Amino acid sequence: TTDIQEACDSYTWIDGITYTASNNSATFNFTNSAGCDSTVTLNLTINTQANILLQPDSLTLICEGGTIPLPLEITYVTGTGVGNPTYQWYDLNGPISGDTNSTFTPTTNNLPIGNYYFYAVLNFDGNGCDSVISDTAKINIVADPDVTNPCIANNIVCVTSTGTASAFDPLITTVNGGIGTPTYQWYEVTTGIVNGATDSIFTPPSDNTGIFQYYCVVNQGVTSINCSVNTDTCTVTVTAVSYTHLR
């Protein structure tokens, strides 16, 4: 008969020998329950302990209320470990209930500013396989960016001719804090997005009469990390030119 076995790193057989390499030639003689001599041949496959190939990202920065843009993930080297893999993700308080896949997206949108740490434990159910612990992933939650008020003092001007310079001073906002390089988009409350107004400086046009309200949306990074803030809304007025007739 043949005794088929698979194990991690080493395996001690019925002959008392500990094998550290695959073996299909070892035999063992014994007397069975009927009193007959019998021989069993070992068919042993030795695999190495599980080895993590892809580690979770070591550091991810997001703003308060955000979610990491990509899930934390681990993979293992093919041919390491024996049997079926299982995963369990942990934070510093212990195992996280239900998070037993190779990928994991922590719930962060309700967490305050601070540092949070996560790691995974990989197990195989084969003989002699030890658990493997991943590197620790750090998620740093920072405050949303701050923006300065862009509104101007001279917010009432007379209408200008089409094609001439605006009579308004520019609206200017600056960004502090948050994460990374900001992008800008200016809006008018009634008409929506202002095409081409994608800088921290925007000069409202003054070639049409009326009352207009402008604000800027400042973003840092992808939408999921929630590093976005709106400036104050600035109201500006363009009035018609008044003519006085002399008699």
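Keep in mind it's a predicted model, so treat the numbers as computed, not measured.

The rules behind the values
Residues numbered from 1 in each chain as written. Predicted model: local features only at pLDDT ≥ 70, side-chain atom pairs only at ≥ 80, totals over all residues. Heavy atoms only, no water. Helix = DSSP H or I, 4+ residues; strand = E, 2+ residues; numbered from the N terminus. Rg over C-alpha atoms; globule rule 2.2 N^0.38 Å. Buried < 20%, exposed > 50% of the residue type's maximum accessible area, 1.4 Å probe, protein only. Areas by Shrake-Rupley, 256 points an atom, 1.4 Å probe, with all protein chains shown as cover. Pairing = 2+ DSSP bridges. Axes fitted to C-alpha atoms, helices over the stretch in contact; angles between N-to-C directions. Polar contact = N/O pair within 3.5 Å; in protein donor to acceptor, adjacent residues only side chain to side chain. Contact = heavy atoms within 4.5 Å. Phe/Tyr/Trp six-rings, centres within 6.5 Å; stacked < 30°, edge-to-face > 60°. Disulfide = S-S within 2.5 Å.

A. Fine view of the overall build of the protein chain. Summing up its helical and strand segments, the protein chain has zero helices and 25 strands in all. What you see for the protein chain is a C-alpha radius of gyration of 34 Å, clearly larger than the 18 Å of a compact globule of 247 residues, by over 25%. Referenced to the eigenvectors of the C-alpha coordinate spread, the extents of the protein chain come out at roughly 140 × 35 × 25 Å. Here the protein chain holds 247 residues, and the buried ones make up 34% of them. Only carbon and sulfur atoms are counted for the fraction: they give 49% of the accessible area of the protein chain, which is about 14100 Å².

B. Representation of the sheet that holds strand β1 (residues 2–8) in the model. Taking strand neighbours across the sheet as the criterion, the three strands line up as β1-β5-β4 in an open arrangement whose pairing is mixed. A single partner strand is all that each edge strand has here, and the edge strands are β1 and β4 (27–31). With direction set aside, neighbouring strand axes in the sheet form an average angle of 30 degrees. Direction of pairing for β4 relative to strand β5 (residues 37–47): antiparallel, over a ladder of five bridges. Bridging from a neighbouring strand, T27 pairs with T41 of β5.

C. Molecular detail of the side chain of N47. Mapping N47 onto the fold places it in strand β5. With relative accessibility at 16%, the residue N47 sits in the buried group. Looking at N47, its side chain comes within polar contact range of the side chain of E6, at 2.9 Å. When sequence neighbours within four positions are dropped, the list of residues in contact with N47 reads E6, A7, C8, D9, G79, G81 and V82.

D. Fine view of the packing of aromatic side chains. Counted under the stated rule, the structure contains ten aromatic pairs. Ring centres of Y187 and Y215 lie 5.4 Å apart, and the angle between their planes is 10 degrees; this geometry places the pair in the stacked category. Note that Y187 is positioned in strand β20 (residues 182–188) and Y215 in strand β23 (residues 210–220), a separation of 28 residues in sequence. Residue class for Y187 comes out partly exposed when judged on its relative accessible area of 24%. An aromatic cluster of three or more residues is present, and its members are W186, F202, F212 and Y214.

E. Structural context of the state of the cysteines. Under the counting rule described, the total for this entry stands at three disulfides. Covalently, C8 is tied to C129 through a disulfide, its sulfur atoms 2.2 Å apart. One disulfide, between C8 and C129, carries an S-S torsion of 75 degrees and so falls in the right-handed class. Within this pair, whereas C8 is found in strand β1, its partner C129 is found in the loop between β13 (114–124) and β14 (132–133), the two being separated by 121 residues in sequence.

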